[in-house]
Amino acid sequence: MTIEHPKSTAAIAGHPIHGMLVVFPIACFTLTLFTDLAYWQTSNLMWQHFSAWLLFAGLVIGVLAALAGMIDVITNAQIRAIPTIWVHVIGNICVLILAFVNSLVHAGDGWTGVVPWGLTLSAVTVALMLVTAWLGASLVHRYGVGVSQHG
């Protein structure tokens, strides 16, 4: 008996684009928190610059991942029918908004660009991202979203 898993519309050779891209903003936003902590402890501007670039990279690839994910949600009724998909979608939009605001805060000069609001926004972004990543993983493992049917 084969179970029909919801297929990813935005895919390359059967591999969901969203799943391939989403790891980059997760890494970038998490590393931003660590570089903010390093700046807080050392006051070395290098860490603030790293944070700014990590936020930028995470936002650019995060928007691309969000577009691929939205294509999957909009074009597949099976995916839209999963109750947790909307919490995942809205949570990830909030993550991108928080990261964008954080990027604006990090554009400030020196200490005020990171402490206290940049560091706080980085921590809140990572905390919310952990929830949405957990939900995203459950979409794959529990509902088989984007899982190939090949043996």
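See the structure printed just above.
Residues numbered from 1 in each chain as written. Predicted model: local features only at pLDDT ≥ 70, side-chain atom pairs only at ≥ 80, totals over all residues. Heavy atoms only, no water.

1. A look at the layout of surface pockets
For step 1, the next point in the chain: Of the volumes computed, that of the largest pocket is approximately 930 Å³.
For step 2, the next point in the chain: Residue lining of the largest pocket: 41 residues in total, with P16, H18, G19, D72 and H88 positioned closest to the centre.
For step 3, the next point in the chain: Those elements that provide at least two residues to the lining of the largest pocket are β2 (15-16), α1 (17-21), α2 (23-42), α3 (45-75), α5 (85-106) and α6 (117-141).
For step 4, the next point in the chain: A class-by-class count of the residues in the lining of the largest pocket yields 24 nonpolar, 15 polar and two charged. (1 Å grid on protein atoms, 1.4 Å probe; cavity = no way out; pocket = protein on both sides within 12 Å on 5 of 7 lines; lining within 4 Å. Points joined across faces, edges and corners; volume = space filled by probe spheres on them. Helix = DSSP H or I, 4+ residues; strand = E, 2+ residues; numbered from the N terminus. Nonpolar A, V, L, I, M, F, W, Y, C, P; charged D, E, K, R; others polar.)

2. As for the state of the cysteines
For step 1, the next point in the chain: As enumerated under the stated definition, the model contains zero disulfides in all.
For step 2, the next point in the chain: Cysteine C28 remains unbridged, with the sulfur of C94 as its closest cysteine sulfur at 20 Å.
For step 3, the next point in the chain: Residue classification places C28 among the buried residues on the basis of a relative accessible area of 13%. (Disulfide = S-S within 2.5 Å. Buried < 20%, exposed > 50% of the residue type's maximum accessible area, 1.4 Å probe, protein only.)

3. Concerning the environment of A107
For step 1, the next point in the chain: Looking at where A107 falls in the secondary structure, it is placed in the loop between α5 and α6.
For step 2, the next point in the chain: A relative accessible area of 61% places A107 in the exposed class.
For step 3, the next point in the chain: In this structure, the C-alpha to C-alpha distance between A107 and A52, residues 55 residues apart in sequence, is 7.3 Å.

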